[in-house]
Amino acid sequence: GQNIDQPTEMTATEGAIVQINCTYQTSGFNGLFWYQQHAGEAPTFLSYNVLDGLEEKGRFSSFLSRSKGYSYLLLKELQMKDSASYLCAVMRDDKIIFGKGTRLHILP
Amino acid sequence: DTGVSQDPRHKITKRGQNVTFRCDPISEHNRLYWYRQTLGQGPEFLTYFQNEAQLEKSRLLSDRFSAERPKGSFSTLEIQRTEQGDSAMYLCASSLDGGAEAFFGQGTRLTVV
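Figured I'd write up the structure that's included with this text. Quantities reported herein were computed from a predicted structural model and do not represent experimental measurements.

### Examining the overall build of chain B
Link 1 in the chain: For chain B, the count of helices and strands is 0 helices and 11 strands.
Link 2 in the chain: Start at the N end of chain B and walk to the C end: the helices and strands fall as β-β-β-β-β-β-β-β-β-β-β.
Link 3 in the chain: Compactness check: chain B gives a C-alpha radius of gyration of 13 Å against a globular reference of 13 Å for 113 residues, within 12% of the reference.
Link 4 in the chain: The principal-axis extent of the C-alpha atoms belonging to chain B is close to 35 × 25 × 25 Å.
Link 5 in the chain: A burial count over chain B gives 48% of its 113 residues as buried.
Link 6 in the chain: When contacts within chain B are restricted to residue pairs at least 6 apart in sequence, long-range pairs at least 24 apart make up 54% of them.
Link 7 in the chain: Total accessible area on chain B stands at roughly 5700 Å², and carbon and sulfur atoms take up 45% of it.
Link 8 in the chain: Across chain B, the centroid of the 14 positively charged side chains sits 8 Å from that of the 14 negatively charged ones.

Written out as structure tokens, the structure is:
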């Protein structure tokens, strides 16, 4: 089976840094995705980690530790448009399974 | 190609009616997923295809749900005898292959009254 846990909601201030954690327990692990989803819109791809370590892409970075079943998404220099849900998803065998998502609120 | 497209965008139906949704994936993508999403939740896996072969169907899905991808291109998701609990956003996604990022369509919002 699989279990993907992430905080339900987080709040941060514009210009700050926020880290969204995700822990997972799954068989057949083949990588971890992060998606962003604005209210009423489709999820959009942010990152994909297969190997341990940090992947940086502009203001967003994603980290993976396979031995700990742990990932985080780091968002720097927060902007109001970053207010959205952030979905952690694992590639189990060869299908993508999502967590419940973390709703991030940005305060001015 | 403009991405994954889904039709219709919205559907309101009476309880007990059958509905069918269509998904057109990105043209060269051979992997196609269907998900269901309710408010405040992440996308829930329903089923997926590799070309025309349906590889897995979620155990959470009742027999009222069926999906096809007859020629390995577009896919349809049918719900028979709809119930109010079926009200949700139905999302389709496609990827080049397993292990690759999936691109989502805008979804079909189903309301069962």
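### Topic: the packing of aromatic side chains
We describe a pair of aromatic rings using the distance from one ring centre to the other and the angle between the two ring planes.
Link 1 in the chain: Scanning the entire structure with this criterion turns up 18 aromatic pairs over all chains.
Link 2 in the chain: Aromatic rings pair up to connect F33(A), Y35(A), F45(A), Y48(A), F98(A), Y33(B), Y35(B), F45(B), Y48(B) and F104(B) into one cluster.
Link 3 in the chain: A cation over a ring is seen here: K95(A) above F45(B), with NZ or CZ 5.4 Å from the ring centre.
Link 4 in the chain: We note R22(B) situated over the ring of F74(B); from NZ or CZ to the ring centre the distance is 3.9 Å.

### Focus on the layout of surface pockets
Link 1 in the chain: Taken as a whole, the second largest pocket spans an internal volume of roughly 460 Å³.
Link 2 in the chain: Elements that contribute at least two residues to the lining of the second largest pocket include exactly β9 (84–92) of chain A together with β9 (88–95) of chain B.
Link 3 in the chain: In terms of residue count, β9(A) provides more of the lining of the second largest pocket than any other element does, 3 residues in total.

### Digging into the nonpolar core
Buried together is how nonpolar side chains tend to be arranged in soluble globular proteins.
Link 1 in the chain: Judged by nonpolar contacts, the single largest core of 39 residues is most densely connected at L32(A), W34(A), L75(A), Y86(A), I96(A) and Y33(B).
Link 2 in the chain: Among the elements that take part in this core, β9(A) stands out by supplying 7 residues, more than any other.
Link 3 in the chain: Setting aside its immediate chain neighbours within four residues, Y86(A) contacts Q6(A), I20(A), W34(A), Y35(A), Q36(A), L46(A), F60(A), L73(A), L75(A), G101(A), T102(A) and L104(A).
Link 4 in the chain: Counting 19 residues, the second largest nonpolar core, distinct from the first, contains V19(B), I26(B), A67(B) and V112(B).

Definitions and cut-offs
Residues numbered from 1 in each chain as written. Chains lettered and ligands numbered in written order. Predicted model: local features only at pLDDT ≥ 70, side-chain atom pairs only at ≥ 80, totals over all residues. Heavy atoms only, no water. Helix = DSSP H or I, 4+ residues; strand = E, 2+ residues; numbered from the N terminus. Rg over C-alpha atoms; globule rule 2.2 N^0.38 Å. Buried < 20%, exposed > 50% of the residue type's maximum accessible area, 1.4 Å probe, protein only. Contact = heavy atoms within 4.5 Å. Areas by Shrake-Rupley, 256 points an atom, 1.4 Å probe, with all protein chains shown as cover. Lys, Arg positive; Asp, Glu negative; His and termini not counted. Charge placed at Lys NZ, Arg CZ, Asp CG, Glu CD. Phe/Tyr/Trp six-rings, centres within 6.5 Å; stacked < 30°, edge-to-face > 60°. Lys NZ or Arg CZ within 6 Å of the ring centre and 35° of its normal. 1 Å grid on protein atoms, 1.4 Å probe; cavity = no way out; pocket = protein on both sides within 12 Å on 5 of 7 lines; lining within 4 Å. Points joined across faces, edges and corners; volume = space filled by probe spheres on them. Core = buried A, V, L, I, M, F, W, Y, C linked by side-chain atoms within 4.5 Å.

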